[in-house]
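So you can see what is in the structure, the chains are spelled out below.
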Amino acid sequence: MRIIFMGTPQFAVASLDALIKAGSDIVAVVTAPDKPAGRGQKVSESAVKQYAVANGLKVLQPEKLKNENFIAELKALKADLQVVVAFRMLPEAVWNMPAKGTINLHASLLPQYRGAAPINWALINGEKESGVTTFFLKHDIDTGNILFTEKITLTGHEDAGELHDRLMNKGAGLLVKTVKAVESGRYNEHPQAQLAEGTELKHAPKIFKDDCRIDWIQPALSIYNKIRGLSPVPTAYTELNGKSLKVYASEYQLSEPAIQPGGFLTDNKTYLKFAAKDGFVLLKDIQLEGKKRMGIEDFLRGVKL
């Protein structure tokens, strides 16, 4: 099959690499346009583009996916199948183009956690399992017929970076399996399951800065899950003596705090813990505004609170 691959971040690179190593014919890669990044505003290429260029693949970087020239270029490639991993929402003129359709790899067990940030929200919500799903694209985002899923068990301690890497590698293998099944015609697609009565449908919308602020009135476990669900990026944060404080890792204790939520206790040597609704959250890996990231003991050696 002639395949067009669409993706942008590092998560998608593992899938593209796996397809190439499995012998897939990738006739083009579609990824985000180059853009300025960082303090120097140096032009940055997506992880997928960097990989594609290094491997001699044709690269398309449309500003707008409905652009007539881009649509014409896609048609000229005569792809049998399109594969999407961590990319933008596609217009119907694009996803409906190939004879065998367009398949998507999503980092959740659909129909749960449809949206842009499934890895983060699964951890923020304290889920016990996660996984990856391949499905055919259709009109509404992340709602198409499912091809395959694979589950993984969560420990309750991993952060978003660790889960990202597990699902990235698990998803790459599942995508190869899916492409081979579509190519052979030996697969069964099925509509996304209706949830049992009383089961909540959980969504995974894009995360904004306000979502990252720690609310110390919440239970300690909820705050702990939020911190690991946002680590290492975009990172949960709070304030310490008027400065922003990013929190990358923590532990929690259930107890009756003797101080108000948001207040903190420290021995200025080994611990800094903030009071929550039903206990304390012990900060372990932090970054104070204007400082570098460091472990709590190193931080306390340089700052007296």
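Analysis parameters
- Residue positions within a chain follow its written sequence, with the count starting from 1.
- The predicted nature of this model means local features are confined to residues of pLDDT at least 70 and side-chain atom pairs, given and counted, to a pLDDT of 80 or more, with totals for whole chains, interfaces and linings taken over all residues.
- As a rule here, side-chain values come from all non-hydrogen atoms in the structure, and water together with hydrogens is ignored.
- UniProt positions are given in the numbering used here, feature names are shortened, and annotations may be inferred rather than shown by experiment.
- Here the nonpolar core consists of buried residues drawn from Ala, Val, Leu, Ile, Met, Phe, Trp, Tyr and Cys, with membership extended through side-chain atoms lying within 4.5 Å.
- The buried label applies to any residue whose accessible area, calculated with a 1.4 Å probe on protein chains only, is under 20% of its type's maximum; exposed applies above 50%, and partly exposed to all values in between.
- Secondary structure elements follow DSSP: runs of H or I of four or more residues count as helices, runs of E of two or more count as strands, with numbering from the N terminus.
- The criterion used for residue contact is that any of the two residues' heavy atoms lie within 4.5 Å.
- Arc definition: it is the arc formed by the directions from the helix axis to the C-beta atoms.
- In this analysis, the protein atoms alone were mapped onto a 1 Å grid. Cavities are point sets where a 1.4 Å probe fits without being able to get out; pockets are open sets with protein on both sides within 12 Å along at least five of seven lines; lining residues have an atom within 4 Å of a point.
- Grid points are joined across faces, edges and corners, and a volume is the space filled by probe spheres set on the points.
- Just so you know the grouping, Ala, Val, Leu, Ile, Met, Phe, Trp, Tyr, Cys and Pro go in nonpolar, Asp, Glu, Lys and Arg go in charged, and all remaining residues, Gly too, go in polar.

Going by an unreviewed UniProt entry, the chain carries the name Methionyl-tRNA formyltransferase and comes from Mucilaginibacter rubeus. What UniProt states about the chain under its Function (unreviewed entry) heading is, verbatim, "Attaches a formyl group to the free amino group of methionyl-tRNA(fMet). The formyl group appears to play a dual role in the initiator identity of N-formylmethionyl-tRNA by promoting its recognition by IF2 and preventing the misappropriation of this tRNA by the elongation apparatus." Quoted verbatim from the Sequence similarities (unreviewed entry) field of the UniProt record, the comment on the chain reads "Belongs to the Fmt family."

A.B. asks: Help me understand the nonpolar core, please; the structure alone is not making it clear to me.
C.D. replies: One broad rule of soluble globular proteins: the nonpolar side chains tend to lie buried together. In this structure, Phe-5 and Val-83 are the most contacted members of the largest nonpolar core, which totals 41 residues. Ranked by the residues each element gives to this core, the list is headed by helix α6 (residues 160-184), at eleven residues. The contacts of Val-83, once residues within four sequence positions are left out, are Ile-3, Ile-4, Phe-5, Met-6, Leu-19, Ile-103, Leu-175 and Val-179.

A.B. asks: So what exactly am I meant to see when it comes to the UniProt feature "domain: Formyl transferase C-terminal" (unreviewed entry) in the chain here?
C.D. replies: Under the UniProt annotation, "domain: Formyl transferase C-terminal" (unreviewed entry) lies at residues 206-303. The span residues 206-303 is 21% helix and 37% strand, and its two end C-alpha atoms sit 35 Å from each other.

A.B. asks: Hey, could you run me through helix α2 (residues 47-54) in this one?
C.D. replies: Residues spaced three or four apart along an α-helix point in a common direction, a consequence of the helix completing one turn every 3.6 residues. When α2 is considered as a whole, its buried residues turn out to be Val-48, Lys-49, Tyr-51 and Ala-52. Down the axis, α2 shows its buried residues gathered within 165° of arc, on one side only. α2 presents Val-53 and Ala-54 as exposed residues on the side facing more than 90 degrees away from its buried surface. Where the residues of α2 are buried, they touch β1 (2-7), α1 (10-21), β2 (25-30) and β5 (59-60). Just beyond α2, the residue with positive phi is Gly-56, at close to 70°.

A.B. asks: Just checking my understanding: could you explain the environment of Leu-16 for this structure?
C.D. replies: Relative to the helices and strands, Leu-16 resides in helix α1. With 32 residues separating them along the chain, Leu-16 and Val-48 place their C-alpha atoms 8.1 Å apart. Setting aside residues no more than four positions away along its own chain, Leu-16 makes contact with Phe-5, Ile-26, Val-29, Val-48, Tyr-51 and Leu-57.

A.B. asks: Please clarify how unusual backbone geometry should be interpreted in this entry.
C.D. replies: Both trends apply: most residues other than glycine have a negative phi, and most peptide bonds are in trans. That bond from Leu-110 to Pro-111 is cis: its omega, 15°, falls within 30 degrees of zero. The residue Pro-111 is located in the loop between β7 (102-106) and α5 (118-124) in this model. Going from Val-233 to Pro-234, the amide bond is cis rather than trans, its omega being 5°. Relative to the elements of secondary structure, Pro-234 occurs in the loop between α8 (220-229) and β10 (236-240). Notably, Ala-86 is not glycine yet its phi reads approximately 55°, a positive angle. For Ala-86, the location among the structural elements is in the loop between β6 (81-85) and α4 (92-95). Its relative accessible area of 34% is what places Ala-86 among the partly exposed residues. Although it is not a glycine, Thr-235 sits at a positive phi angle of roughly 85°. Tracing the chain through its elements places Thr-235 in the loop between α8 and β10. Given a relative accessible area of 4%, Thr-235 falls into the buried group.

A.B. asks: In this structure, what is going on with the layout of surface pockets? I would like to understand it.
C.D. replies: To locate leftover empty space, one rolls a probe as large as a water molecule over the atoms. Of the volumes computed, that of the largest pocket is approximately 1400 Å³. Lining the largest pocket are 45 residues; nearest its centre among them are Pro-9, Ala-86, Phe-87, Ala-116 and Ala-117. Within the residue set of the lining of the largest pocket, elements represented by two or more residues are α1, β6, α4, β7, α5 and α6. Looking at side-chain class alone, the lining of the largest pocket contains 26 nonpolar, eleven polar and eight charged residues. Along its surface, the second largest pocket is lined by Ser-108, Leu-109, Gln-112, Tyr-113, Ala-122, Glu-127, Lys-128, Glu-129, Ser-130, Gly-131 and Lys-202. Take the lining of the second largest pocket: its biggest share by element is three residues, from strand β8 (residues 129-136).

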